[in-house]
Amino acid sequence: MPAPIELHTPRLLLRPWRDADRAPFAEMNGDPQVMRHFPAPLSREESDRVAERLEADFAAHGFGFWALERKDSGAFIGFTGLRPVTFAVPFCPAVEIAWRLDRAHWRQGLASEAARAALACGFTQLALEQIVSFTTRDNLASQGVMQAIGMRRDPAGDFDHPALPAGHRLRRHVLYRLGRADWEVGR
Ligand SMILES: CC(C)(COP(=O)(O)OP(=O)(O)OC[C@H]1O[C@@H](n2cnc3c(N)ncnc32)[C@H](O)[C@@H]1OP(=O)(O)O)[C@@H](O)C(=O)NCCC(=O)NCCS
């Protein structure tokens, strides 16, 4: 079993999950504003099941969507990290980078700070050639993070999320990519 990776940034610790994260994770996942670009907010049970899956990634790969801990307060504030894409889309196999933060911590540069550390881990320690990210067309906050960390939109890669039914308001997704060579130039 690979040793779980931890990452540090000036303001954040990116670490594997702890049982104590479950309550603030469920609070974040139950916030309709945080979940605006997802089908629905999650119940405590649904949130716990997601936490179990995210924890299992660390056991399997040593990396995943890291729990974000603020160094100034020690508070759990969400996640950012890397995960193999598990559904069938033309750009697979691929590793995605993703993020979700508690609303109280938005617009402070924290998602992009965490994402830069995750990218560096992906391209150096994990030796990935490319990292992708995707979100709904209207999720400008998430696309803002993608742009802030140097990812480029690939309009030819836009896709319908296979987990959502035809006609669903969130089905169409935009795809961003970053290759290792471009990351090295931009760092
Ligand atoms: C997406 C999210 C993680 C962004 O977190 P954040 O810490 O506020 O992002 P940052 O402060 O690092 O901002 C990064 C860039 O995005 C821009 N941005 C952030 N929120 C934005 C918004 N609501 N609208 C437009 N741009 C936005 C910032 O201005 C910044 O750009 P800059 O570097 O040019 O200044 C946060 O809004 C969130 O958790 N949303 C709900 C969950 C979600 O949608 N996750 C993504 C699913 S794909």
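Note that the coordinates shown come from a computational prediction; the quantities given were computed from them, not determined experimentally.

### A word on the overall build of the protein chain
Each helix and strand in the protein chain was counted, giving five helices and nine strands. The secondary structure elements of the protein chain, listed N-terminal to C-terminal, are β-β-α-α-β-β-β-α-β-α-β-β-β-α. Computed over its C-alpha atoms, the radius of gyration of the protein chain comes to 16 Å, within 12% of the 16 Å expected for a compact globule of 187 residues. When the backbone C-alpha atoms are referred to their principal axes, the protein chain occupies close to 40 × 40 × 35 Å. The 187 residues of the protein chain split such that 50% are buried. For the protein chain, the exposed surface amounts to about 9,400 Å²; the carbon and sulfur share of it is 51%. Each charge class in the protein chain can be summarised by its mean position, and for the 24 positive and 23 negative side chains these summaries are 5 Å apart.

### Section: the site of the ligand
Taken together, 21 residues sit near the ligand, with Leu 101, Arg 107, Gly 109, Ser 112 and Asn 139 positioned nearest. Trp 106 places a polar side-chain atom, nitrogen or oxygen, 3.2 Å from an oxygen atom of the ligand. Notes on the ligand: free accessible area 940 Å², of which the protein chains cover 73%. For the shell around the ligand, the secondary structure elements donating two or more residues are strand S5 (95-101), helix H3 (110-123), strand S6 (130-136) and helix H4 (140-148). Looking at the shell around the ligand, the element that brings in the most residues is H4, giving six residues. In terms of residue class, the shell around the ligand is made up of 12 nonpolar, seven polar and two charged.

### So, the environment of Gly 30
Assignment of secondary structure puts Gly 30 in the loop between helix H1 (22-29) and helix H2 (44-61). In this structure, Gly 30 is in contact with Pro 41 and Leu 42, ignoring residues within four places of it in sequence.

### What to know about the side chain of Glu 69
Of note, Glu 69 is situated in strand S3 (residues 65-70). Within the structure, the side chain of Glu 69 is placed 3.4 Å from the side chain of Arg 18, a separation counted as a polar contact. With residues near it in sequence (within four places) discarded, Glu 69 still touches Arg 11, Leu 12, Leu 13, Arg 15, Arg 18, Gly 74 and Ala 75.

### Some details on the UniProt feature "domain: N-acetyltransferase" (unreviewed entry) in the protein chain
The UniProt feature table records "domain: N-acetyltransferase" (unreviewed entry) at residues 12-171. The annotated region residues 12-171 carries 31% helix and 23% strand content, and the separation between its end C-alpha atoms amounts to 32 Å.

### Some thoughts on the packing of aromatic side chains
Taken as a whole, this structure holds 12 aromatic pairs when the rule is applied. The interplanar angle of 55 degrees and the centroid separation of 5.5 Å between the aromatic rings of Trp 17 and Phe 76 together place this pair among those described as tilted. With Trp 17 in the loop between strand S2 (12-15) and H1 and Phe 76 in strand S4 (residues 76-84), the pair connects residues that are 59 residues apart, well separated along the chain. The same class applies to Trp 17 and to Phe 76, which are both buried. Between Phe 91 and Phe 134, the aromatic rings sit 5.8 Å apart at their centres with planes inclined by 45 degrees, giving tilted as the arrangement. Taken together, the positions of Phe 91 in the loop between S4 and S5 and Phe 134 in strand S6 put the pair 43 residues apart, joining distant regions of the chain. An identical accessibility class is assigned to Phe 91 and Phe 134; each is buried. Each residue in the set Trp 17, Phe 25, Phe 65, Phe 76 and Phe 79 is aromatic and connected to the rest through ring pairs, giving one cluster. If you follow Arg 83 out to its NZ or CZ, it ends over the ring of Phe 65, 5.9 Å from the centre.

### Details of H4
Among the residues of H4, those classed as buried are Ser 142, Gln 143, Val 145 and Met 146. Taken down its axis, H4 places every buried residue within 150 degrees of arc, on the same side. In H4, the exposed positions that point more than 90 degrees away from the buried face belong to Leu 140 and Ala 141. Tucked into the core, H4 has its buried residues touching S5, H3, S6 and strand S9 (172-179). Downstream of H4 by one or two residues, Gly 150 has phi in the positive range, about 90 degrees.

Conventions used here
Residues numbered from 1 in each chain as written. Predicted model: local features only at pLDDT ≥ 70, side-chain atom pairs only at ≥ 80, totals over all residues. Heavy atoms only, no water. Helix = DSSP H or I, 4+ residues; strand = E, 2+ residues; numbered from the N terminus. Rg over C-alpha atoms; globule rule 2.2 N^0.38 Å. Buried < 20%, exposed > 50% of the residue type's maximum accessible area, 1.4 Å probe, protein only. Areas by Shrake-Rupley, 256 points an atom, 1.4 Å probe, with all protein chains shown as cover. Lys, Arg positive; Asp, Glu negative; His and termini not counted. Charge placed at Lys NZ, Arg CZ, Asp CG, Glu CD. Near = heavy atom within 4 Å. Polar contact = N/O pair within 3.5 Å; in protein donor to acceptor, adjacent residues only side chain to side chain. Nonpolar A, V, L, I, M, F, W, Y, C, P; charged D, E, K, R; others polar. Contact = heavy atoms within 4.5 Å. UniProt positions renumbered as here; feature names shortened; annotations may be inferred. Phe/Tyr/Trp six-rings, centres within 6.5 Å; stacked < 30°, edge-to-face > 60°. Lys NZ or Arg CZ within 6 Å of the ring centre and 35° of its normal. Arc of directions from axis to C-beta.

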